[in-house]
Amino acid sequence: MSEVVFKNVCKNYGQVTVIHDLNLTIRDGEFLVLVGPSGCGKSTILRMIAGLEKITAGELYIGDRLVNDLPPKDRDIAMVFQNYALYPHMNVYENMAFGLKLRRFPGEEIDRRVKEAASILRIEHLLKRKPKELSGGQRQRVAIGRSIVRKPQVFLMDEPLSNLDAKLRVEMRAEISKLHNRLQTTVVYVTHDQTEAMTMGERIAVIKDGSIQQVDTPLNIYNHPANMFVAGFIGSPAMNFLPCRVERIDDEFYLDAQAFKIQVPKAKTEKLEAYTGREVVFGFRPEDIHSEPVLSETHANSSFTGVVDVVELLGAEMIVHLSTGTHSIIAKLDVRTRLKRGDKLQLTFDMNKIHLFDKENEVAIL
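Residues numbered from 1 in each chain as written. Predicted model: local features only at pLDDT ≥ 70, side-chain atom pairs only at ≥ 80, totals over all residues. Heavy atoms only, no water.

Some points on empty space enclosed by the protein
With the rule as written, the count across this model stands at one cavity of 30 Å³ or more. Here the largest cavity is characterised by a volume of approximately 50 Å³. What lines the largest cavity is simply Phe-155, Met-157, Ile-176, Leu-179, His-180, Leu-183, Thr-185 and Val-187. Within the residue set of the lining of the largest cavity, elements represented by two or more residues are strand 7 (154-158) and helix 5 (166-183). A total of four residues in the lining of the largest cavity trace back to one element, the largest contributor, which is helix 5. Looking at the lining of the largest cavity residue by residue, the classes come out as six nonpolar, two polar and no charged. (1 Å grid on protein atoms, 1.4 Å probe; cavity = no way out; pocket = protein on both sides within 12 Å on 5 of 7 lines; lining within 4 Å. Points joined across faces, edges and corners; volume = space filled by probe spheres on them. Helix = DSSP H or I, 4+ residues; strand = E, 2+ residues; numbered from the N terminus. Nonpolar A, V, L, I, M, F, W, Y, C, P; charged D, E, K, R; others polar.)

What follows is the structure in structure tokens.
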């Protein structure tokens, strides 16, 4: 078993608590992504698993072993760093073999493991080169290969793609996912890039200020965020948030944002009874707004009029910044819609995909 379990784990630096009462189970063979803004504590969590940071309180298990006081070399983990951490005076083969030599593996076993890992990563032709002769992507493959030869219980990856260019990041995301499917080893992957998290993780743990906000599959986190932080962090462009008031007229519920008023579908009104007459936060993703020409002054119950401020063309789609009343809204629209600054648009919400949040505690209502 290579399950990793945190039980009420805290980490302090002096009087400052950076990890708060962490309870998390990373399943055997799972690819779990820790995602959050810089400084939220995700790398600290990874370093506690590795044994590079001492736990202040709580218990950490790898498999069935309590590892709080176990040194890094005895934890059976392998770590891939952001800066690759290759030895410049050694060639690729020697870099990949070095950890096995320290553990006094037989020469034949070392040779077999290095060549097997090189074959998996398609770097057999690079084995005699020094790190300075390699591209960034090749260096990252070598760093991953050095971990593979160890055959650890757990792989730890700390923003391993952040030094690569955009095209290479996309390629390496796919390569790491394929590698995990082949090896079926537990992977804990740290990133601040929500695209990496969404495309690579079997589950995502979203972290803010040392506390886990939500742990779930990428699709569930995207469609059912637990709070405003998760909703705003996952998705690009970020979710729109507008203050509004819940109104009830007869048996119908409406969201009044001053610039417009929209009707809530009956299927979503069950939880709104307690919020009648109260301020809430209306959330909707840019891709869940659809454009229509302005036909008249009257609008459908899920429509509003916006004035175009900025148009960003992205090839297959475009990002449109609009104003409606005092609110600013971002929409992701079909590039075939011809727009320029000052144009008026009638836009319609996909009411099946709207979100509402409590204004006080920012927890999801819908």
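Text resumes after the structure shown.
Focus: the domain arrangement of the protein
As assigned here, the protein comprises domain 1 (4-233) and domain 2 (240-358). Opposite the eight residues of domain 1 that make contact, domain 2 presents six residues. Both sides of the domain 1 and domain 2 interface together cover about 640 Å² of buried area, and 63% of this is carbon and sulfur. Run the count over domain 1 and domain 2 and you get two residue pairs in polar contact (both at pLDDT 80 or more). Residues of the side of domain 1 that touches domain 2, tallied by class, amount to five nonpolar, three polar and no charged. (Domains from an automatic or database assignment. Contact = heavy atoms within 4.5 Å. Buried area = accessible area lost by both parts, 1.4 Å probe. Polar contact = N/O pair within 3.5 Å; in protein donor to acceptor, adjacent residues only side chain to side chain.)

Some thoughts on the nonpolar core
By size, the foremost hydrophobic cluster in this structure holds 46 residues, and its most contacted members are Met-96 and Tyr-189. In terms of residue count, helix 3 (residues 107-121) provides more of this core than any other element does, six residues in total. Residues in contact with Met-96, not counting those within four places in the same chain, are Val-114, Ala-117, Ala-118, Ile-123, Leu-127, Val-142, Gly-145, Arg-146 and Val-149. Residues Val-246, Leu-255, Leu-272 and Leu-339 belong to the second largest nonpolar core, which totals 31 residues. (Core = buried A, V, L, I, M, F, W, Y, C linked by side-chain atoms within 4.5 Å. Buried < 20%, exposed > 50% of the residue type's maximum accessible area, 1.4 Å probe, protein only.)

Describing helix 2 (residues 92-102)
Taken together, the buried positions of helix 2 are occupied by Val-92, Asn-95, Met-96, Ala-97, Gly-99 and Leu-100. Looking at the buried side of helix 2, the elements it contacts are helix 3 and helix 4 (136-148). Where helix 2 starts, the residue carrying a side-chain oxygen 3.2 Å from the main-chain nitrogen of Tyr-93 turns out to be Asn-91. Of the residues flanking the end of helix 2, it is Arg-104, one or two places downstream, whose phi is positive at about 60 degrees.

Side note on unusual backbone geometry
Omega for the peptide link from Ser-236 to Pro-237 comes to -5 degrees, which places this bond in the cis form. Examined against the element boundaries, Pro-237 turns out to sit in the loop between helix 8 (228-233) and strand 11 (240-249). Here the phi dihedral of Asp-21 falls at roughly 40 degrees; this positive angle occurs in a residue that is not glycine. A residue is classified by how much of its surface remains accessible, and Asp-21, at 44% relative accessible area, is partly exposed. Of note, the phi angle at Gln-258 is positive, near 70 degrees, even though the residue is not glycine. Judged by relative accessible area, Gln-258 falls into the exposed class, the value being 74%.

Overview of the pattern of salt bridges
Summed over the entire model, instances satisfying the criterion amount to 22 salt bridges. Between Asp-111 and Lys-115 there is a salt bridge whose closest N-O contact spans 3.3 Å. Of this pair, Asp-111 and Lys-115 are both found in helix 3, four residues apart, which corresponds to roughly one turn of the helix. For Lys-115, a relative accessible area of 45% puts it in the partly exposed group. (Salt bridge = Lys/Arg side-chain N within 4 Å of Asp/Glu carboxyl O.)

Description of helix 1 (residues 42-50)
Among the nine residues in helix 1, seven count as buried, and that is most of the element. Among the residues trailing helix 1, Gly-51 stands out with phi positive, at a value near 90 degrees.

Points about the sheet that holds strand 5 (residues 65-66)
The pairing of strands in a sheet happens through backbone hydrogen bonds and is either parallel or antiparallel. The four strands lie next to each other as 2-1-4-5, forming an open sheet whose pairing is antiparallel. What marks the edges here is a single partner per strand, and that holds for strand 2 (16-26) and strand 5. Alignment of strand 1 (residues 4-13) against strand 2, held across seven bridges, turns out to be antiparallel. Each residue of the ladder has a partner; that of Val-9, found in strand 2, is Leu-22. Helix-sheet contacts for helix 1 involve strand 1, strand 2 and strand 4 (57-62), and the interaxial angle to strand 1 is about 115 degrees. (Pairing = 2+ DSSP bridges. Axes fitted to C-alpha atoms, helices over the stretch in contact; angles between N-to-C directions.)

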